[in-house]
Protein chains: 2
Amino acid sequence: MSIANIKDVARHANVSPGTVSNALSGKRPVSPKTQQRILDSISTLGYHPDTLAQSLVNGHSRTLGVVTNHLDDYGTSRVLTGIDQQAAQNGYSILLTMVHRNNQITNNQMLTQLISHRVAGIIWAVPELWNTDEVNLAQYGDRLPPTVFVLMNPNTGLSVVNYNIVDGTTQAMQHLIRQGRKRIAHIAGPATWDSQQRTLIWHNILSEAGLPCDESYVAVSDWSVPGGEKAMHDLLNQHPDLDAVLACNDHNAIGALKVLRAANRNVPSEVSIVGYDNVPESGYVSPALTTISLPFAELGRTAVRQLCQLIDSTAQPQPQPNILLPVELVMRESA
Amino acid sequence: MSIANIKDVARHANVSPGTVSNALSGKRPVSPKTQQRILDSISTLGYHPDTLAQSLVNGHSRTLGVVTNHLDDYGTSRVLTGIDQQAAQNGYSILLTMVHRNNQITNNQMLTQLISHRVAGIIWAVPELWNTDEVNLAQYGDRLPPTVFVLMNPNTGLSVVNYNIVDGTTQAMQHLIRQGRKRIAHIAGPATWDSQQRTLIWHNILSEAGLPCDESYVAVSDWSVPGGEKAMHDLLNQHPDLDAVLACNDHNAIGALKVLRAANRNVPSEVSIVGYDNVPESGYVSPALTTISLPFAELGRTAVRQLCQLIDSTAQPQPQPNILLPVELVMRESA
DNA sequence: TTGTAGGCGTTATCAC
DNA sequence: GTGATAACGCCTACAA
């Protein structure tokens, strides 16, 4: 009395199970009359082929394993949306696994779960873990399905899809300098690989331009609005005469905005601010944030396309080139 | 040369496949020595049991199908986070399917996909489809696995987990009236079931209090900041003397805030505003929004718990009671 | 305590 | 064009 299977359909349509299979897959011809009879039986019986059994015999699952963070941040949920979009288009289902704040489940447990589900490939999109080393894949050797990393540090020999880190900060800095800003402070993010890169670029560009770039112009923050407030406060104490701020993300920029408003510094006439991420609210704070727009959803789509290519390529896995998508400086009011 | 299976392990450990199975499941005793030998073989061979094959023979998949929207809104991604959290805790994996803007895939295709994957249950969390009718489940009859709806209209005989719609709006209105507000306008959302409910409550409470509540005090908006701006603009034209606004969500409230600032109306001294949702940015706009906090993540967790209960109950599916979680009025600056 | 055989639902191979 | 049969990897009676 349970759910109908291919044998039930075969019996109902007076054919063999193999013929039902062929009628559905079209891999071998079936006479139009039989075809119709089978289709009728399928709909009256409400038959849905069992993907699990199909995967078992075919040896592949048309399922992609995705590991993301808790989705508290705008970026990762956009990435996930992009992943789902492209996966659906390529005929893959998605098995989702999230890394939560109180991280009880280890990376290995997640990977084991995905491997046990025989996913065709894995997308790893956990920006909190910038270092791909931390994921600890070595032990799996070549038993690991093809894997693509999103929003993680490139140049590790693994397949990474990311945005162009250098380009974003460079554009922002050039914009500020072009505007004649001389004392450009930097609110840096936590000590991750990309934060360090961006601080380095900030430093190098100022140094080349002969502008001040010592450590007193840098305040380290977390990624939050209050963090930005505190950092801005400190910077203003150190350098009351600063005329621009490069923030590590929009939330920090918004925090800075609040502090500057409280200190009666006009943005952008007295102080320019550039954010990072282009979260939706950056467009409707006042003044609206000039910021770097990151292609989150496209990152997800690209990762899926790249992964499908890896899956389809029968060749031995070889060092994959990193894919870096372009960013865009979105000009609004704050700079 | 491919991935190791249970026979490989058995051969390597000099036991039968059945013993390996028992060693892993613990369903029947295995001698400590054999146990150890098997565990060693498993780790040297890198064996991971095939969940698909297990599901095939067990007849259940320990996988939950989840249907969400595109995650563009804060609420749904929090719900998804809650779902994943609780699912992991209950030992379920998640098969994710998203409804995108350019919705090419029909509800039926999604359901078919999930059914084919033999998910143990389904969580349907697509606020855009308030009417559970639109999902069109009738055709599946009792072949549909247990299903729980999140953020959808209750009282349909289906199992629905939602927040208490009446309570939120009631609290907000009482708060405004208690403050002595007399002309309380309403920015309503698109014509969905919950929008209508909330407008109704707004009307009834004002009516009971003997305060103006005719249609000229209502402006219909979409869920966006610009929508809120336009609505506020219209309301201000109609009633320059209004002293409070009940917005359908925080984004509309933020839009209203911008317009009021431009019109030189002080918030909250001249005009009070209450939002809805408690999105993160509502805490750091200026003035910070007083708003209704909805238990999004808890909604997701509750849905999973409810679903697991449905799955485990061998009883015939019977009309499920709706579960309504409490909301909270978050007092900040705007009211 | 351990081994053996049958079957879960499907597809591929071989025969007709 | 169609039907029987043997896998896929695993679990579970039943037998030893």
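Our structure's up above, just so we're on the same page.
The sections below set out a description of the structure shown in this document. (Residues numbered from 1 in each chain as written. Chains lettered and ligands numbered in written order. Predicted model: local features only at pLDDT ≥ 70, side-chain atom pairs only at ≥ 80, totals over all residues. Heavy atoms only, no water.)

### Comments concerning the side chain of A:Asp243
Residue and element names in this part refer to chain A.
Here is step 1: Positionally, aspartate 243 belongs in the loop between helix H9 (225-238) and strand S8 (244-247).
Here is step 2: At 2.9 Å, the side chain of aspartate 243 forms a polar contact with the backbone nitrogen of arginine 183.
Here is step 3: Residues in contact with aspartate 243, not counting those within four places in the same chain, are Gly180, Arg181, Lys182, Arg183, Ile184, Glu270, Val271 and Ser272. (Helix = DSSP H or I, 4+ residues; strand = E, 2+ residues; numbered from the N terminus. Polar contact = N/O pair within 3.5 Å; in protein donor to acceptor, adjacent residues only side chain to side chain. Contact = heavy atoms within 4.5 Å.)

### Details of the pairing of strand S1 (residues 63-69) of chain A
Residues and elements named next belong to chain A.
Here is step 1: The buried fraction of S1 is high, at seven of seven residues.
Here is step 2: Side chains of S1 alternate between two faces, with Thr63, Gly65, Val67 and Asn69 and Leu64, Val66 and Thr68 buried alike.
Here is step 3: Here S1 runs beside strand S2 (residues 93-99); their pairing, made up of seven bridges, is parallel. Bridge pairing in S2 links leucine 64 to isoleucine 94.
Here is step 4: For the crossover from S1 across helix H5 (residues 74-89) to S2, the handedness is right-handed. (Buried < 20%, exposed > 50% of the residue type's maximum accessible area, 1.4 Å probe, protein only. Pairing = 2+ DSSP bridges. Right-handed = clockwise from strand over helix to strand, strands pointing away.)

### Re the sheet that holds strand S9 (residues 272-277) of chain A
All names here are of chain A.
Here is step 1: Taken together, the six strands give an open sheet; going across it, the order is S7-S6-S8-S9-S10-S12, and neighbouring strands pair in mixed fashion. Each edge of the open sheet is held by one strand with a lone partner, namely strand S7 (218-220) and strand S12 (328-330). Each strand of the sheet is rotated relative to its neighbour by a mean of 20°, with strand direction disregarded.
Here is step 2: Here strand S6 (residues 184-188) pairs with S7 via three bridges, running parallel. The partner of isoleucine 187 across the bridge, within S7, is alanine 219.
Here is step 3: Those strands touched by helix H8 (residues 193-208) are S6, S7, S8 and S9, and its axis lies near 170° from that of S6.
Here is step 4: On the sheet, H9 packs against S6, S7 and S8 and is oriented at approximately 145° with respect to S6. (Axes fitted to C-alpha atoms, helices over the stretch in contact; angles between N-to-C directions.)

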